[in-house]
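# Summary of the model geometry
Spelled out from the first residue to the last, the chains are:
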Amino acid sequence: MALLEIRHVSRRFGDLKAVDDVCLSIEAGEFFTLVGPSGCGKTTLLRLIAGFEEPDTGELLLDGQTLAGVLPEQRPVHTVFQSYALFPHMTVAENIAFPLQMAGRSPDEIRHRLQDALDLVHLADKARQLPHQLSGGQKQRVALARGLINKPRLLLLDEPLAALDAKLREQITAELIALQREVGITFIFVTHSQQEALAVSHRIAVMNAGHIEQVDAPEQVYGYPRNRFVADFIGTVNLLPVEVREAGNDRLRLLVAGVGEIVSMPAAARTGERGAFAVRPEQLDIIADGERPRLDNQFKGTVQDHLYLGDVTIYKIALPNGAVLEAMRANAAPGRARFLERGEPVQVGWRRQAGVYLRD
Amino acid sequence: MRRTKRSLWLWAAALAVYAFLYVPLAVVVLFSFNDSLLNAEWIGFTTRWYALLFDDEAMLGAAANSLLIALIASALATLLGTLAGIAMQRWPVGVLRCLPLLVLAPVAMPEILLGVSLLLFFRQVLDLTLGLISILIAHVTFSIGFVAIIVRVRLAGLDESIFDAARDLGARPWQTFRHITLPLIRPAILAGFLMSFTLSIDDFVITFFVAGVGVTTLPLQIYSMIKVAVTPEVNAVSTLLMALTLSLIALASKLAPDALKARA
Ligand SMILES: Nc1ncnc2c1ncn2[C@@H]1O[C@H](COP(=O)(O)OP(=O)(O)OP(=O)(O)O)[C@@H](O)[C@H]1O
Ligand SMILES: [Mg+2]
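What you see is a predicted model; the values in this text were computed from it and never measured. (Residues numbered from 1 in each chain as written. Chains lettered and ligands numbered in written order. Predicted model: local features only at pLDDT ≥ 70, side-chain atom pairs only at ≥ 80, totals over all residues. Heavy atoms only, no water.)

Now for the overall build of chain A. A tally of regular secondary structure across chain A gives eight helices and 20 strands. A principal-axis box enclosing the C-alpha atoms of chain A has dimensions of 80 × 50 × 35 Å. Taking all 360 residues of chain A together, 50% fall into the buried category. Contacts in chain A between residues at least 24 apart in sequence constitute 66% of all its contacts with a sequence separation of at least 6. Per element, the accessible surface of chain A, about 16,700 Å² overall, is 48% carbon and sulfur. (Helix = DSSP H or I, 4+ residues; strand = E, 2+ residues; numbered from the N terminus. Buried < 20%, exposed > 50% of the residue type's maximum accessible area, 1.4 Å probe, protein only. Contact = heavy atoms within 4.5 Å. Areas by Shrake-Rupley, 256 points an atom, 1.4 Å probe, with all protein chains shown as cover.)

Attention now moves to the site of ligand 1. Residues and elements named next belong to chain A. All residues in the neighbourhood of ligand 1 are listed as F13, L16, A18, S38, G39, C40, G41, K42, T43, T44, E159 and H192. In this structure, an oxygen atom belonging to ligand 1 sits 2.7 Å away from a main-chain N or O atom of G39. When ligand 1 is considered free in solution it has 640 Å² of accessible area, and contact with the protein chains removes 60% of it. The leading source of residues in the shell around ligand 1 is helix α1 (residues 42-50), at three residues. Grouping the constituent residues of the shell around ligand 1 by class yields four nonpolar, six polar and two charged. (Near = heavy atom within 4 Å. Polar contact = N/O pair within 3.5 Å; in protein donor to acceptor, adjacent residues only side chain to side chain. Nonpolar A, V, L, I, M, F, W, Y, C, P; charged D, E, K, R; others polar.)

It is worth spelling out the packing of helix α3 (residues 57-90) of chain B against helix α4 (residues 99-108) of chain B at this point. Residue and element names in this part refer to chain B. Remark: α3 packs on α4, axes separated minimally by 10 Å, with the N-to-C direction vectors making an angle of 145°. Considering how the two elements wind past one another, α3 and α4 form a crossing that is left-handed. Of the residues in α4, those in contact with A84, A87 and M88 of α3 are L99, P100 and V103. (Axes fitted to C-alpha atoms, helices over the stretch in contact; angles between N-to-C directions. Left-handed = near helix turned anticlockwise from the far one by under 90°.)

Our focus in this paragraph is the nonpolar core. Core analysis: the biggest nonpolar cluster contains 73 residues, and A:L34, A:I49 and A:I188 have the highest contact counts within it. Among the elements that make up this core, the one with the highest residue count is helix α8 (residues 173-202) of chain B (ten residues). Once you skip the residues sitting within four places of it in the chain, A:L34 turns out to touch A:L24, A:K42, A:L45, A:L46, A:I188, A:F189, A:V190, A:T191, A:A205, A:M207 and A:I212. With 34 residues, the next largest nonpolar core counts A:F31, A:A127, A:L144 and A:L179 among its residues. (Core = buried A, V, L, I, M, F, W, Y, C linked by side-chain atoms within 4.5 Å.)

Residues and elements named next belong to chain A. An order of β6-β7-β8-β3-β9-β10 is seen for the six strands of this open sheet, with the pairing classed as mixed. Here the strands that pair on one side only, and so sit at the sheet edges, are β6 (77-80) and β10 (211-216). Pairs of neighbouring strands in the sheet enclose a mean axial angle of 20°, with direction left out of account. In the sheet, β6 pairs with strand β7 (residues 154-158) via four bridges, with the strands oriented parallel. Residue pairing across strands places T79 opposite L156, the latter belonging to β7. (Pairing = 2+ DSSP bridges.)

Residues and elements named next belong to chain A. Evaluation of the coordinates by the stated rule reveals 25 salt bridges over all chains. Close ionic contact of R245 with E261 constitutes a salt bridge, the shortest N to O distance being 3.2 Å. Separated by 16 residues along the polypeptide, R245 in strand β11 (residues 238-247) and E261 in strand β13 (residues 260-264) bring together distant segments of the chain. Exposure remark for R245: the relative accessible area of 38% places this residue in the partly exposed category. (Salt bridge = Lys/Arg side-chain N within 4 Å of Asp/Glu carboxyl O.)

Another point: the pairing of strand β2 (residues 16-26) of chain A. All names here are of chain A. Across seven bridges, strand β1 (residues 4-13) lies against β2 in antiparallel orientation. Directly across from R12, in β2, lies its bridge partner K17. The turn linking β1 back onto β2 is made up of two residues, and G14 within it adopts a positive phi angle of 65°.

The tally for this structure, following the rule as stated, stands at 15 aromatic pairs over all chains. Relative to B:F122, the ring of B:F121 lies with its centre 6.2 Å away and its plane at 50°, an arrangement referred to as tilted. A relative accessible area of 39% places B:F121 in the partly exposed class. Between B:F193 and B:F197 the ring centres are 6.3 Å apart and the planes differ by 35°, which places this aromatic pair in the tilted class. Pair noted here: B:F193 and B:F197 are both in helix α8, with a separation of four residues, about one helical turn. Residue class for B:F193 comes out partly exposed when judged on its relative accessible area of 24%. Each member of the aromatic cluster is reached from another via a ring pair, and the members are B:F204, B:F208, B:F209 and B:Y223. Cation over ring: A:R280 sits above A:Y222, and NZ or CZ is 3.9 Å from the ring centre. (Phe/Tyr/Trp six-rings, centres within 6.5 Å; stacked < 30°, edge-to-face > 60°. Lys NZ or Arg CZ within 6 Å of the ring centre and 35° of its normal.)

Turning our eyes to something else, we now look at the interface of chain A and chain B. Residue-level contacts link 22 residues of chain A with 18 residues of chain B. Between chain A and chain B lies a buried interface of about 1,700 Å² when both sides are counted; carbon and sulfur atoms form 64% of it. Among the residues of chain A in contact with chain B, A:E73, A:H89 and A:M102 are the three that bury the most area, contributing 36% of the side total. One can count two salt bridges joining chain A with chain B. Between A:R47 and B:D164 there is a salt bridge, and its shortest N-O distance comes to 3.3 Å. Counting the contacts that link chain A with chain B gives six residue pairs in polar contact (both at pLDDT 80 or more). (Buried area = accessible area lost by both parts, 1.4 Å probe.)

This brings us to the domain arrangement of chain A. All names here are of chain A. Its domain assignment divides chain A into domain 1 (4-232) and domain 2 (236-351). Between the C-alpha centres of domain 1 and domain 2 there is a distance of 39 Å. Tallying the contact residues gives six residues for domain 1 and six residues for domain 2. Between domain 1 and domain 2, a total of about 560 Å² is buried, with carbon and sulfur atoms accounting for 48% of that surface. Per-residue buried area on domain 1 facing domain 2 is highest for Y222, R228 and A231; these three make up 81% of the total on that side. Summed over the shared surface of domain 1 and domain 2, the result is three residue pairs in polar contact (both at pLDDT 80 or more). Elements supplying a minimum of two residues to the side of domain 1 that touches domain 2: α7 (218-223) and α8 (228-233). It is α8 that provides the largest number of residues to the side of domain 1 that touches domain 2, a total of three residues. In the side of domain 1 that touches domain 2, the residues fall into four nonpolar, no polar and two charged. (Domains from an automatic or database assignment.)

Structure (structure tokens):
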């Protein structure tokens with residue numbers, strides 16, 4: 001039995017469907033991530049799980065028991081808010097111990113578990129400080145410890161890293177993964193950063209306009225996006241409009257108008273239908289012009305632009321039909337920003353295993 | 001060049017306004033120490049007017065009344081105003097939507113209007129004998145709004161999500177109030193109490209209408225004395241009242257600086 005079962009849950013605000021017929025089932029011990037653009041309903045879904053909103057239709061089950069009518073303070077679900085929501089008049093220790101205090105634990109037990117929690121998030125030396133004396137990362141860790149200390153069945157994290165700078169985000173992301181593994185509590189993590197989602201999750205749900213577009217493991221979501229939205233939202237992708245020429249058992253032939261034919265792995269498609277072919281920049285190879293074709297798909301183009309990012313350089317390659325593909329190339333040789341100049345004729349290609357066909 | 005000229009004008013205007021406000025007060029204070037029965041010229045320093053004050057039975061009685069009324073009225077106003085402030089901030093829905101207006105109206109209402117209407121209400125509707133009780137009720141009435149504003153401003157300045165967080169972490173509503181809301185608004189409650197206290201102890205107009213014949217407060221006593229003449233004793237009692245009021249306001253503004261700013 002799944003830990004949390006979300007069955008056809010909808011929540012509207014006036015005319016707006018903030019959450020639209022969402023079905024999810026989350027397993028115990030999972031690090032589950034909700035990702036999607038701003039306003040797609042992530043926070044509303046979390047508030048439904050925490051009990052601050054009730055669904056208009058549908059049902060939530062925790063451990064097989066319905067959550068209908070169960071107040072937020074009665075649910076074994078704790079939240080780490082985006083703004084941390086630390087109590088400004090309480091010390092770090094008092095903040096973290098608050099859930100135990102409310103649950104009426106004995107002072108002895110509180111002292112023990114507080115010490116453990118402080119150690120867990122490396123804040124033992126800050127126990128007596130007030131929230132306003134802490135850095136952003138430290139506040140974030142206090143909020144995390146406070147959410148974990150009473151061992152909820154489920155910890156909800158609403159963009160907990162949004163207020164931190166890039167360097168700290170990376171560090172705390174790593175800490176978060178380790179922490180979740182250590183405590184074994186199920187996390188539902190909300191972010192609108194697809195990179196974060198890919199880095200931390202066991203499974204990712206991609207949300208768009210209130211509904212779920214795809215739920216899968218990170219490598220599935222990235223490698224086999226189910227539709228244009230997912231392909232575009234998770235990572236960078238080149239999308240080429242195509243027409244299906246042949247939908248065989250061993251291959252797919254797709255026509256790109258004005259460029260040529262793409263050979264790809266078999267997929268659900270009907271001959272003659274239109275769709276898009278999605279391929280990632282790192283799957284593209286750039287080959288000097290005139291060199292003999294050695295890839296399944298190889299087309300002529302010109303270098304239109306390049307963008308030096310340090311570890312890699314992004315090249316924009318214009319195809320004869322005007323479409324522009326982004327290709328990524330690692331800068332393994334130090335001190336060299338680019339290998340190709342603007343206007344240089346090249347070939348761009350990829351293996352048939354790369355890229356996916358997406359139906360419209 | 002032009003700028004300095006303009007700012008010079010600004011300074012002069014500001015100075016004039018402050019002088020207009022504070023010179024009369026300074027004169028009162030000064031003459032309360034003047035060794036002359038007339039408020040005309042400076043003769044020499046004395047504290048005998050203050051000594052006289054503490055021998056004046058009527059004055060002491062009025063002061064005792066004022067203190068008693070101020071204490072009880074501000075305690076009641078603080079309790080009710082705090083509840084109103086919380087209600088206005090947390091549940092701005094339904095009938096409560098007009099609560100702010102109802103609570104705040106007495107703050108903006110001309111005092112004389114409030115005085116007359118309270119008098120009519122006490123006499124015609126309640127058939128109450130005017131005295132301590134009627135003054136008390138009147139003072140509570142005009143103080144509630146001030147307390148409510150101060151408490152509400154304080155609440156509005158807090159991160160809304162901490163109340164959700166408290167619930168989320170297992171606090172029942174009264175636990176949230178006890179552990180989160182109350183400690184956080186305590187300075188505002190105290191400031192509200194001090195404000196009510198100064199309002200009550202200084203009030204003349206409304207008290208004048210609802211006091212009846214038997215009971216006198218300090219401002220009423222001062223008024224009845226200056227009907228005869230502005231004696232140095234009046235200067236002395238005014239100085240004391242001023243000192244008390246100013247120190248209470250200073251304390252209140254220290255406790256809830258944002259709240260008192262928002263009042264203006
Ligand atoms: N209480 C409410 N009343 C009316 N509309 C609301 C309410 N809460 C949310 N909405 C609307 O519902 C939609 C979803 O909001 P939600 O906060 O869930 O988005 P989100 O995915 O968390 O966005 P973000 O990434 O910006 O935090 C938005 O259009 C928002 O304006
Ligand atoms: Mg949100």
